[in-house]
Amino acid sequence: MYRLIPYLLEIRCLLDWICSDSCLGFQSWFKFEGITESLFDQKCQQEFESKWSVPSGQCKSRTSKLFTGGFLSVCLVLTVIFPLVLFSLSTKVGVTTRPQKIKLELYVGRALPIFTAYVRESNIIQMSQRDYKNLSSTFNNIYQPNEIFDNFQPEDTIVVKWSGNSLSTWDISLGSKMELLEELLDNQEFPIRLEIHYVHIGGGGEQGYKIFGQNTYLPPLPNEDRQKLIDMVKSENDSDIVARFPMIFPKFMSISKEGNPRVLTLMEESFKDHGAAHSPKGSLAAGDDEDNEALPPDGGRLRDVLVKLFSKKGRAAWWQVKEKCSADDDNYVYYLSNLVYKDCESLVLYIFNEKVFSRTINVIASKGIFGLYLIYFMMIIKAFRACRADMGDIWITDLPSVDKLFRKCMEVYIARDMKNFELENEIFQDLVAIMRSKEVLIKLSRHEDNNYDPTFMIPETSS
C-alpha cells in the first residue's frame, strides 16, 4: 500500500541511493528500481497462479463472478461516499459541546447597555432524558419541532437561566439621559437591541467568540410601551411602570458546529397583540455574522420581555428584565407553562448544540476536507486502474516467466554488496540492453518447454 501514497516511494528510493555505495547515478538507480519492482510483482503473480491455477479454457462460474464483481462494485461505491458520509454524520459521531461564558446585554437607542447579566455555572443545566421527553412531548403537535428533536439528543441540549436583575448599575450622565429622552420623543422608530455573547468550543478544543443579536423597534408616539419607557427614564424614584419590548428574546436556539447561532421555531406563529408595537420593517436578526438570516416578527421564535427601572435619589439605578408570561399569550398557556424549567422571573433560553468533530477527526478536517478527499479518491482510483491493461505495456508487464530476468537483478545487488562496482555497472548495462529489445525479452522470458529461439545480433564495435 505504501506505493499508493504520493512521494513515499520516491523518498525511499532517494534515501537508499544516498545511503548505499553504488556506481549508479541518480537516474540509473531509479531506472533499476523500476525494473526490479515490475519483475518482482510479476514473479509474485506467477507464484500465486502456479499454486492456485485452474484448467484453461473453462468458463468462470457465475457464482464466483457475482461474488467478486459485487464485492468490488460495493467497494468502489463505498470509497466514493464513505468520506462524505463520515463528515455529514458529524452531528451523530462527534462529541458534545456547549457554549461558555454566556452573557446577555440589552440596549435602548444608541446608549450603553441598560442590562447586563452573566450565567453562573449552576444556571447552565444539562437536560436529562426525562426533561428532554417533557420538552419534546410539549411540542409534539407541531410539525417543525419533530424534525429538530430527531437531530438532537438530551446531552446536546442545555437550559440557560439569566437572573432578571442586571449585574451592573445604570450609570448615565445627565447629558446622555437628555439625549435618550430626545430620541424617545422624536417622531422616529426607536431601536432596541438584545445581544447574547458566548464562547464556542469547536473541534479539537478551538475557541471562538460569537455574538447573536436581535433588533426590534418601538413605533413613534402615541405608543403605550414607548410612553412607559419615557416615563421610567424621567422618573427619579421607584415606580410600578413596566414597559414591554416586543418579540426580542429568542426562546429556543441552535448552535452549529462552527458556533453560529440560529433561532428555532418551536412554537405556533402568533401575531396577536404585537402588530401595533412593531415597525413595519419587522424584526432584524443582527448577528455579527452575515450568515444570520433575517427574522420577521414571528411569535413562534421570539418572546416579549418586560423591563422595569429601579431608581432613587442617592442610590444607583438598575434595570430588571424578565420574560412576559400572561394568560392571553397562547404560546405560554399551551406550551411554555408546561415546561420543567419555566420561570417568569428570569430569562430562560433553551440551546441545542450540534456535535463537533473529535480531536482526531478535526485534525483531518482542519487540513482541508476537499483536498484530502481528492487525494484519497485518486489513490483508490489508481489502485483499481492498476488492474487494467495498457496496450503499450503488455510486452513488459505480461512476461511468461521472469525467473531469468529477476536473477539478473539479484546479480546487481550481489555485485554491489561485494563492492565490485565495475561488475555492478556491467550487469546493469546488460539488463538495460535486454529491456530495450522485445526479441531478447521473449527469448529470456519463455518457459523451459518453449522452443522459440529468435536470433539476437549485436553489431560489433571497433576497438
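The structure under discussion appears in the preceding block.
S.K.: How would you sum up the overall build of the chain? Please name residues and give values.
M.R.: From N to C terminus, the chain includes 15 helices and twelve strands. Look at the contacts in the chain between residues 6 or more apart in sequence, and 73% of them connect residues 24 or more apart. Accessible area for the chain stands at about 27,100 Å²; split by element, carbon and sulfur atoms hold 56% of it.

S.K.: Report on the packing of aromatic side chains, specifying residues and quantitative values.
M.R.: The tally for this structure, following the rule as stated, stands at 14 aromatic pairs. Ring centres of Phe 152 and Phe 352 lie 5.4 Å apart, and the angle between their planes is 55 degrees; on these two criteria the pair is classed as tilted. You can see Phe 152 sitting in the loop between helix H6 (143–151) and strand E4 (157–162) and its partner Phe 352 sitting in strand E12 (residues 347–353), a full 200 residues away along the chain. Note on Phe 152: relative accessible area 8%, which makes it buried. Grouped by ring-pair contacts, the aromatic residues Tyr 132, Phe 149, Phe 152 and Phe 352 constitute a single cluster.

S.K.: Tell me about a nonpolar patch on the surface, and name the residues and values.
M.R.: A cluster of nonpolar side chains, Tyr 7, Ile 11, Leu 14, Leu 15, Ile 18 and Phe 26, forms an exposed patch at the surface whose accessible area comes to about 620 Å². For the nonpolar patch, the leading source of residues is helix H1 (residues 8–19), giving four residues. Among the residues examined, Ile 18 registers a relative accessible area of 54% and is labelled exposed.

S.K.: Got a sec to walk through unusual backbone geometry? Specific residues and values, please.
M.R.: Note the cis peptide between Leu 221 and Pro 222, where omega equals 5 degrees. In this structure, Pro 222 sits in the loop between strand E6 (207–218) and helix H8 (224–234). Here the phi dihedral of Met 247 falls at roughly 40 degrees; this positive angle occurs in a residue that is not glycine. Position of Met 247 among the secondary structure elements: in strand E7 (residues 243–250). Residue Met 247 is classed as buried on the basis of its relative accessible area of 1%. One non-glycine residue, Lys 419, adopts positive backbone phi at about 65 degrees. Among the structural elements, Lys 419 can be located in the loop between helix H13 (403–417) and helix H14 (421–436). Owing to a relative accessible area of 48%, Lys 419 belongs among the partly exposed residues under this scheme.

Criteria and cut-off values
Residues numbered from 1 in each chain as written. Predicted model: local features only at pLDDT ≥ 70, side-chain atom pairs only at ≥ 80, totals over all residues. Heavy atoms only, no water. Helix = DSSP H or I, 4+ residues; strand = E, 2+ residues; numbered from the N terminus. Contact = heavy atoms within 4.5 Å. Areas by Shrake-Rupley, 256 points an atom, 1.4 Å probe, with all protein chains shown as cover. Phe/Tyr/Trp six-rings, centres within 6.5 Å; stacked < 30°, edge-to-face > 60°. Buried < 20%, exposed > 50% of the residue type's maximum accessible area, 1.4 Å probe, protein only. Patch = residues over 30% accessible without salt bridge, like charges linked within 9 Å, V, L, I, M, F, W, Y side chains within 5 Å. Salt bridge = Lys/Arg side-chain N within 4 Å of Asp/Glu carboxyl O.

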